[in-house]
Amino acid sequence: MNALQPHEYANIFPMMHGDDYERLKSDIAENGLQEPIWLYQEKILDGRNRHKACIEAGVKPEFRHYAGNEPLKFVLSLNLARRHLDTVDVCKVVDSVADIFERQAKERQIEAGKEHGRGAEKVKALVPEAIIVEPEEEQVQANPTPKPKKPEPQARDLAVAAVVLTLESMAR
């Protein structure tokens with residue numbers, strides 16, 4: 001029963017400690033588990049504290065499997081709504097979400113590199129050694145000043161947006 005591991009999204013939020021956790025455990029021991037524990041990819045997506053309290057109180061945990069396609073949004077919505085987070089805690093949540101976005105971006109880059117090739121090895125394979133472009137032979141474009149590209153949002157910007165949008169939707 002306690003072999004279940006938390007999903008990385010569950011770890012965005014801190015575990016309960018002290019009196020708050022003891023009250024939760026006592027309530028579960030007395031009244032049973034009222035809110036099932038959410039699983040995703042065979043890991044705890046939401047309910048680490050409830051799961052731990054059930055184990056310690058000797059109560060059989062109940063589980064539900066998340067079947068949606070936005071597990072991060074699901075976790076943010078559940079936890080930002082019910083937890084009493086101060087500004088520092090919300091900043092930690094943003095930081096954790098940004099770390100996840102950055103890691104996911106790196107994973108996508110690695111996969112794209114594997115799929116489409118990259119770097120010097122690809123260039124060597126596609127360009128014969130005999131082709132050498134001399135600087136004076138380069139063609140000048142009619143419009144030498146390219147339009148600057150709008151920068152892609154960075155992971156921290158996306159994390160702030162995800163948390164702020166969740167908080168704003170709860171305020172409505």
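Structure's up top.
Reading the values: rules and limits
Residues numbered from 1 in each chain as written. Predicted model: local features only at pLDDT ≥ 70, side-chain atom pairs only at ≥ 80, totals over all residues. Heavy atoms only, no water. Helix = DSSP H or I, 4+ residues; strand = E, 2+ residues; numbered from the N terminus. Buried < 20%, exposed > 50% of the residue type's maximum accessible area, 1.4 Å probe, protein only. Contact = heavy atoms within 4.5 Å. Areas by Shrake-Rupley, 256 points an atom, 1.4 Å probe, with all protein chains shown as cover. Salt bridge = Lys/Arg side-chain N within 4 Å of Asp/Glu carboxyl O. Phe/Tyr/Trp six-rings, centres within 6.5 Å; stacked < 30°, edge-to-face > 60°.

**Here's the deal with the overall build of the protein chain**
Link 1 in the chain: Check the secondary structure of the protein chain and you find six helices and three strands.
Link 2 in the chain: Secondary structure elements of the protein chain, listed N to C terminal, follow the sequence α-β-β-α-β-α-α-α-α.
Link 3 in the chain: Every one of the 172 residues in the protein chain was classed for burial, and the buried ones make up 27%.
Link 4 in the chain: Counting only contacts in the protein chain whose residues sit at least 6 apart along the sequence, the fraction spanning at least 24 positions is 82%.
Link 5 in the chain: Entry remark: accessible area of the protein chain is about 12700 Å², with carbon and sulfur atoms responsible for 53%.

**Observations concerning the pattern of salt bridges**
Link 1 in the chain: Enumeration over the complete set of coordinates arrives at six salt bridges.
Link 2 in the chain: Between D46 and R50 there is a salt bridge; the shortest N-O distance is 3.1 Å.
Link 3 in the chain: Overall, the relative accessible area of 11% leaves R50 in the buried class.
Link 4 in the chain: R103 is the partner of E107 in a salt bridge, and the nearest nitrogen-oxygen pair spans 2.6 Å. Highlighted residues: E107 and R103, both in helix α4 (residues 87-116), separated by four residues, approximately one helical turn.
Link 5 in the chain: What you see here is one network of salt bridges that share partners, running through E8, R103 and E107.

**So, the packing of aromatic side chains**
Link 1 in the chain: All chains considered together, the criterion is met by three aromatic pairs.
Link 2 in the chain: Residues Y40 and Y66 carry aromatic rings whose centres are separated by 5.7 Å and whose planes lie at 70 degrees to one another, so their mutual orientation is edge-to-face. Of the two residues, Y40 is situated in strand β1 (residues 37-40) and Y66 in the loop between β3 (63-65) and α3 (71-82); the sequence distance between them amounts to 26 residues.
Link 3 in the chain: Of the residues examined, Y66 reaches a relative accessible area of 16% and is grouped as buried.
Link 4 in the chain: Aromatic ring contacts, followed pair by pair, group W38, Y40, Y66 and F74 into a single cluster.

These results come straight from atomic positions and should not be treated as a statement about function.
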